[in-house]
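# Structural characterization, general
Here's the letter readout for the chains.
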Amino acid sequence: MPQTTSFHEGRDLVSPLLPGGKIGGGDPQKLGIDDMLRRHCGEFGVWQLRHFILTSLAWALEAFHAMVMIFADREPAWTCVSSAGCSGVSTGVCGLEPGSWEWSGGPGSSTAAEWGLVCENKYKVGLVQALFFGGCMIGAGVFGHLSDSFLGRKGSLTVVCIMNAIFGCLTAFSPDFWTYALLRLLTGFSTGGVGLCAFVLSTEPVGPTKRGVAGMSTFYFFSTGIALLSGIAYIFQSWRSLYIASSIPSILFILLVIPFLSESPRWYLVHGKIDDAMKVMRAIANSNGNHLPDGVFLGLDEQTNDNSVPIEIYKAELSSKQAISGSLIDVIRSPLTRFRLFLAVAINFLCSVVYYGLSLNVVNLETNLYLSVLLNAVAEMPAYALTAVLLDRFGRKPLAIGTLWFSGFFCILGTMMKSDGIWRVVRMVCGVLGIFGMAGTYNLLFIYTTELFPTVVRNAALGCATQSAQMGAILAPFVVVLGRVLPFAVFGLCGFSAGLMAFYLPETLNQPLYDTMAGMEDAEKALKAPLE
């Protein structure tokens, strides 16, 4: 009598031959991106290192476009050409007779020299700076949303770099001040999206235990960009040639770097492009010398624990499903993310007021402008290094509170110092230490804000926080004009207030990057369940 084969036994016999069946004796498995990186691909190997370095080069481009105004809008040196109405002991040109003096580098050395942005017109230099940061504020929100939606991280980074190259070169041909101001506004609009798009694109393929240090390392590229800009400005003394020279790297980045960048697998996943996401994950595994089993597939947060649906059906459903998207409206609707967004916006705003305010308020080094900018850029790097070392040891939350209060303490201490003798030096040291602490905080807030929100709204939330930081940068100069003592008091109050707000943020150390709002909310409910 022939043996009969049961339905289950028959399925066991044929399923290894079918796509999505048992592989190597195990059931097909859906994993989140963080789990797949940890188990199979590698958290930070050769692929992530190459991708991280190439993507983070965009931070140097942001430094070029943001800080070029230091050199282009400066008030250059002047010399007397006539003894009548001109004295070499004068501290400025405002009280001198017209025609009795001239700019040492000629009228083309800076915008201030070419268009007379001195004396009663000096406010226009500050106006251009405010317009640039205003453009950054708008651009951060716009490109933060676009990079979360149809344009993607890589697409958004490509667009902003193209815009930066175009507007930067056009600025060099400005016929008058108001055209120059308009082009700086447009440059700010595109520059506002560079850092946040590059940051998210470079850190999303990194595993959870390595993401903190990687995220903190992006700011080295920004500081390096400022240092390089001082050398470029020293070579190109004309402000028009300087704008062209500082825009050419954006063109090179578009042609030589962007073609070798990969889109974020997280963006692919939440937009239903699972095959593209898996292609990136396989490339990561292969480059890192690891093997990604055929029976392992990516899944969204809420789907990784459900293996009841066959893989092929799951892939078809995910591909045909409308892309999961989100916006700031979704962030505000959820009580969980709404409170986080409020805190992130407030802390970023206060941090920016202190950082930019101290940068403007600190005593200048007794050296030339180019060397001063170089030294200021290099001085911030130890803060980045120290914060990166302590980040995974103490966590995001304690370090944020500590650096904010560190800066606030020395700002308050600065208000107690006199303005003469050795106390003037002590006050300067207090300002430098305040900047040191706030530079570390600024670095930390990017990675912290990124981890507080899921993939579908991550760039939108980071863009909103960046907008608030740009608003703080706009307001900082107005705090500086309050006098010599009061600004330190304001900066100290801002630092301590931001530290208190950070107490209410959750710790994100070694926590997964969630893909959807539902996944994050379910995880929070699971954490609170044992406590209830």
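What counts as what
- Residues numbered from 1 in each chain as written.
- Predicted model: local features only at pLDDT ≥ 70, side-chain atom pairs only at ≥ 80, totals over all residues.
- Heavy atoms only, no water.
- Helix = DSSP H or I, 4+ residues; strand = E, 2+ residues; numbered from the N terminus.
- Contact = heavy atoms within 4.5 Å.
- Areas by Shrake-Rupley, 256 points an atom, 1.4 Å probe, with all protein chains shown as cover.
- pLDDT = per-residue confidence, 0-100.
- Polar contact = N/O pair within 3.5 Å; in protein donor to acceptor, adjacent residues only side chain to side chain.
- Phe/Tyr/Trp six-rings, centres within 6.5 Å; stacked < 30°, edge-to-face > 60°.
- Buried < 20%, exposed > 50% of the residue type's maximum accessible area, 1.4 Å probe, protein only.

## What about the overall build of the protein?
When its secondary structure is counted, the protein shows 20 helices and four strands. Taking the contacts inside the protein whose residues are at least 6 apart along the sequence as the reference set, 82% of them involve residues at least 24 apart. Surface accessibility of the protein: about 23,200 Å² in total, with carbon and sulfur atoms responsible for 66%.

## Some words on the confidence of the model for the protein
In the predicted model, the protein carries a mean pLDDT of 81, and 83% of its residues have values of at least 70. Summarising per-element confidence for the protein, the mean pLDDT is lowest in helix α1 (residues 7-14) (38) and highest in helix α9 (residues 239-256) (95). Between residues 1-26, whose pLDDT stays under 50, and residues either more than four places distant or in other chains, the model counts 15 contacts. Low pLDDT, under 50, characterises residues 362-367; the stretch is placed with eight contacts to residues that sit more than four places away or in other chains.

## Concerning the side chain of serine 147
Here serine 147 lies in helix α5 (residues 123-148). In this structure the side chain of serine 147 is engaged in a polar contact, spanning 3.1 Å, whose partner is the backbone oxygen of glycine 144. Not counting the four nearest positions on each side in its chain, serine 147 is found in contact with Gly152, Arg153, Ser156, Cys197, Trp267 and Asn459.

## Quick notes on the environment of leucine 182
By the element assignment, leucine 182 lies in helix α7 (residues 177-203). For leucine 182 and valine 128, which are 54 residues apart along the polypeptide, the C-alpha to C-alpha distance reads 8.6 Å.

## A closer look at the packing of aromatic side chains
A complete count under the given rule lists 26 aromatic pairs for this structure. For the ring pair phenylalanine 44 and phenylalanine 52, a centre distance of 6.3 Å and an interplane angle of 70° mean the geometry is edge-to-face. Between tryptophan 405 and phenylalanine 496, the aromatic rings sit 6.2 Å apart at their centres with planes inclined by 40°, giving tilted as the arrangement. With tryptophan 405 in helix α16 (residues 396-415) and phenylalanine 496 in helix α19 (residues 486-502), this pair connects stretches of sequence that are 91 residues apart. You can call tryptophan 405 partly exposed: its relative accessible area is 29%. Ring-pair connections join several aromatic residues into one group, and the members of that group are Trp59, Phe199, Phe219, Tyr220, Phe222, Tyr384 and Phe446.

## As for the environment of threonine 415
With respect to the helices, strands and loops of the structure, threonine 415 is situated in helix α16. Each C-alpha atom, one on threonine 415 and one on proline 487, is 8.4 Å from the other, the two residues being 72 residues apart in sequence. The residues contacting threonine 415, other than those within four sequence positions of it, are Val485, Phe488 and Ala489. Among the polar contacts listed, one links the side chain of threonine 415 to the backbone oxygen of isoleucine 412, at a separation of 2.4 Å.

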